[in-house]
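# Secondary and tertiary structure notes
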Amino acid sequence: MIDPRLLRDDPDRVRAAQAKRGLSSDVVDRALAADAARREAIGLFEARRGEQKKLGKEIAGLGKAQGEERTALLARTKTLATEVKEAEAAQAAAEAEWREAVLSIPNPAADEAPAGGEENFVVLETVGTRPEFDFEPRDHVELGRMLGAIDIERGAKVSGSRFYFLTGIGAQLEFALVNMAMDQARNAGFTQMVAPSLVKPRAMEGTGFLGQAADDVYRIEGQDLYLVGTSEVAMAAYHSDEILDVASLPLRYAAFSPCFRKEAGSHGKDTRGIFRVHWFDKVEMFVYTTLEESYAEHQRLLAWEKEFMDKLELHYRVIDVAAGDLGTSAQRKFDCEAWIASQGRFRELTSTSNCTDFQTRRLDTRGRLADGSVGPVATLNGTLSSTNRPIIALLETHQRADGSVRVPAALRPYLGGLEVIEPVATVA
RNA sequence: GGAGGCGUCGCCUAGUCCGGUUUAUGGCGCCCGCCUGCUAAGCGGGUUGAGGAUAAAACCUCUCGCGGGUUCAAAUCCCGCCGCCUCCGCCA
């Protein structure tokens, strides 16, 4: 939810922000009208209620004994009570409409974010050099089969398309990536977490995933629960309804959870391999901090993501995502895209967003300032490592002519010192 | 799944049976001030959150787990839900 005060004080700025995302400002006008109606309804209710309280006190002052004065007062308050009830209902309706209107406005994009849609990103930097092969490179599907690491056929047999089994060294690779990510996070001062991947509607709505993105979310039949697409959902709701001591900020969490995505809008896209799947595991960084610090923290999250990419010895670039391609709750987003040899292009491996106070307003997380007052806090998230895409990038980048794959030095301790993944003799 | 108990403004707690001058009691903690070589003690005051109104205040409304209901009036009575604890059953 955007700051209602900003909406009231500077609606033109909110309209401009909508335009930058390529959205109409109709929702802004609707929210403004709803705000005016809401305030009027509140005024009406409070006037009635105040009168009712005053009369109630008079009745109480007269004591239990019956009397003409008391009877007259009772008659008056009786009709007043109906009016109070009506005014209260009107207020509740006005508040609900206002809330819905405000909730439908996405977080205004940062001034620095590039304008435009998906194709209008800006490349901030490119790291490393493009891997060159003096043989015909294989893609991760073939490598995964040769190494006994990925079983896509049986994934489809058991669960359907976009599912897979990680087998043998593939399973080891997942745990190695997770452990390396968790160790890095712990050394950077993060609290390690294992987060639930089923959440209530409040958490889903609060993180902005029930709006335009609702089609991509799995819901549990017959229960009020959703499967998360990222542990960001659980972590944003972790401190909901709480007031955090600002002195304790930043609160940095590294959360592991399975992630589930319907991929509803991407039929036919990335159908080969395990690039775009319905389920994967992920270590996600999630930070609560002050609004003022959030911009610097965003850069730190990006730096930690780059550190992880560097350890995997990947060729990648960092992009500044354009306003129209930001999620509902993000004010600015950076993606790290790794070079995928078989596709001949850079593909997203990690993504970090500054959600400012958009999620905390929805989930009612606030901060206690040093002077004792209460103010908004910001949330940020960033992928440290998922478990499917880094495996793809690793296999394809470090493959050799015989199908073996060199293990980057930083990852070796997590694979028992293994330096090269060799093809298995027979593939089951 | 069954039975019982509990949920009050940071923490603890009074109030709930028997509805009303309740702007929710008191203690701890915390903040400000007084006193004091310093600290402690003592004394005085403040201390839930949200919203409305205002230039800013004074002020007003809501908030006793959540949501309904009864009533002129609900922390208090009634119904539903949620959470926590204890015991039992069942299954890892």
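Per chain, residues are indexed from 1 in the order of the written sequence. For this description, chains carry letters from A and ligands carry numbers from 1, given in the order in which they are written. Residues qualify for local features only when their pLDDT is at least 70, as the model is predicted, and side-chain atom pairs are given and counted only at 80 or more; totals for whole chains, interfaces and linings, by contrast, use all residues.

### Some remarks on the overall build of chain A
The numbering of helices and of strands both runs from the N terminus, where a helix is a DSSP run of H or I of at least 4 residues and a strand a run of E of at least 2. From N to C terminus, chain A includes 12 helices and 18 strands. Principal-axis analysis of the C-alpha atoms gives chain A an extent of 105 × 45 × 40 Å. Buried residues are those with 20 or more other C-beta atoms within 10 Å of their own C-beta, exposed residues have 12 or fewer, and partly exposed residues lie in between; C-beta atoms are placed from the backbone. Across the 428 residues in chain A, those meeting the buried criterion constitute 40%. Here, residues touch in the contact sense if the C-beta positions derived from the backbone fall within 7 Å of one another. Partitioning the contacts of chain A with sequence separation of at least 6, the portion at a separation of at least 24 is 72%.

### Here we look at the sheet that holds strand β5 (residues 198-199)
A sheet is described by the order of its strands in space; here three strands give the open sequence β5-β7-β6, paired in antiparallel fashion. Of all strands in the sheet, those with a lone pairing partner are β5 and β6 (218-219), marking the two edges. Two strands are counted as paired when DSSP detects at least two bridges linking them. Pairing between β6 and strand β7 (residues 226-227): two bridges, direction antiparallel. Within β7, the residue paired with R219 across the bridge is Y226.

### As for the pairing of strand β9 (residues 251-260)
Counted residue by residue, β9 has eight buried out of 10 residues, so it is predominantly covered. Both strand β4 (residues 191-194) and β9 contribute to a ladder of four bridges, which runs parallel. Following the sheet pairing, Q192 is matched in β9 by A254.

### Observations regarding the protein's contact with RNA strand B
Residue proximity rests on one test: whether the C-beta atom, placed from the backbone, lies within 6 Å of the molecule or strand. Around RNA strand B sit 18 residues in total, of which G56, A60, T77, A81 and V374 are the nearest. Of all the secondary structure elements, the ones that give two or more residues to the surface near RNA strand B are α3 (26-62) and α4 (68-103). Broken down by element, the residue count for the surface near RNA strand B peaks at 12 residues, all from α3. Residues are grouped as follows: nonpolar covers Ala, Val, Leu, Ile, Met, Phe, Trp, Tyr, Cys and Pro; charged covers Asp, Glu, Lys and Arg; every other residue, Gly included, is treated as polar. Within the surface near RNA strand B, the residues separate by chemical class into six nonpolar, six polar and six charged.

### Thoughts on the confidence of the model for chain A
Confidence scores per residue from the predictor, reported as pLDDT, run from 0 to 100. Looking at chain A as a whole, its pLDDT mean stands at 90, while 98% of the residues score no less than 70. Here the predicted complex scores 0.91 on pTM and 0.82 on ipTM.

### Regarding the environment of G375
In this fold, G375 is placed in strand β15 (residues 374-376). C-beta crowding within 10 Å serves as the criterion here: with 14 such atoms nearby, G375 is assigned to the partly exposed category. Along the primary structure G375 and R406 are separated by 31 residues, whereas in three dimensions their C-alpha atoms are 50 Å apart. With sequence-adjacent residues up to four places away left out, G375 is seen in contact with R366, G367 and L369.

### Things to note about the nonpolar core
Core analysis: the biggest nonpolar cluster contains 100 residues, and V102, V233, M285 and A338 have the highest contact counts within it. Looking at this core, the element that brings in the most residues is helix α7 (residues 169-187), giving seven residues. Beyond its immediate chain neighbours, meaning those up to four positions away, V233 contacts V199, A203, M204, T207, F209 and V228. Remark: nonpolar core denotes a set of buried Ala, Val, Leu, Ile, Met, Phe, Trp, Tyr and Cys residues whose joining runs through C-beta atoms within 7 Å.

### Overview of the sheet that holds β15
Strand order in the open sheet made by the three strands is β8-β14-β15, with mixed pairing throughout. Each edge of the open sheet carries a strand with a single partner, namely β8 (242-245) and β15. Sheet twist, expressed as the average angle between the axes of neighbouring strands with direction ignored, equals 45 degrees. In this sheet, strand β14 (residues 365-368) lies alongside β8 in parallel orientation, the contact comprising four bridges. By the bridge assignment, D245 is partnered in β14 with R368. Axis lines are fitted through C-alpha atoms, for helices just across the contact stretch, and the angle between N-to-C directions can take any value from 0 to 180 degrees.

### Quick notes on the packing of α3 against α4
Two quantities define a packed helix pair, namely the angle between the axes and the distance from one axis to the other. Between α3 and α4, the shortest axis-to-axis distance is 7 Å and the interhelical angle comes to 160 degrees. Taken together, the axes of α3 and α4 are roughly antiparallel relative to one another. Between α3 and α4 lies a crossing of left-handed hand. The residue inventory of the contact of α3 with α4, partitioned by class, reads 22 nonpolar, four polar and 14 charged. Roughly parallel here means an angle under 35 degrees, roughly antiparallel means over 145, roughly perpendicular means 65 to 115, and every remaining angle is called oblique. With the far helix as reference, a near helix turned anticlockwise by less than a right angle produces a left-handed crossing, and one turned clockwise produces a right-handed crossing.

### Structural notes on the pairing of β14
Residues of β14 alternate between two faces, with T365 and G367 buried on one and R366 and R368 left unburied on the opposite face. Relative to β15, β14 runs antiparallel, the two being bridged by three bridges. Within β15, the residue paired with R368 across the bridge is V374. Connecting the antiparallel pair β14 and β15 is a turn made up of five residues, with G372 showing a positive phi of about 95 degrees.

### Observations regarding unusual backbone geometry
Note the cis peptide between L249 and P250, where omega equals 0 degrees. Even without being a glycine, E263 presents a positive backbone phi close to 55 degrees. As for its position among the elements, E263 is in the loop between β9 and β10 (279-289). For E263, a count of 17 C-beta atoms within 10 Å corresponds to the partly exposed category. In this structure, T356 is a non-glycine residue whose phi angle is positive, near 40 degrees. Assignment of secondary structure puts T356 in the loop between β13 (345-354) and α11 (358-363). For T356, a count of 26 C-beta atoms within 10 Å gives the class buried.

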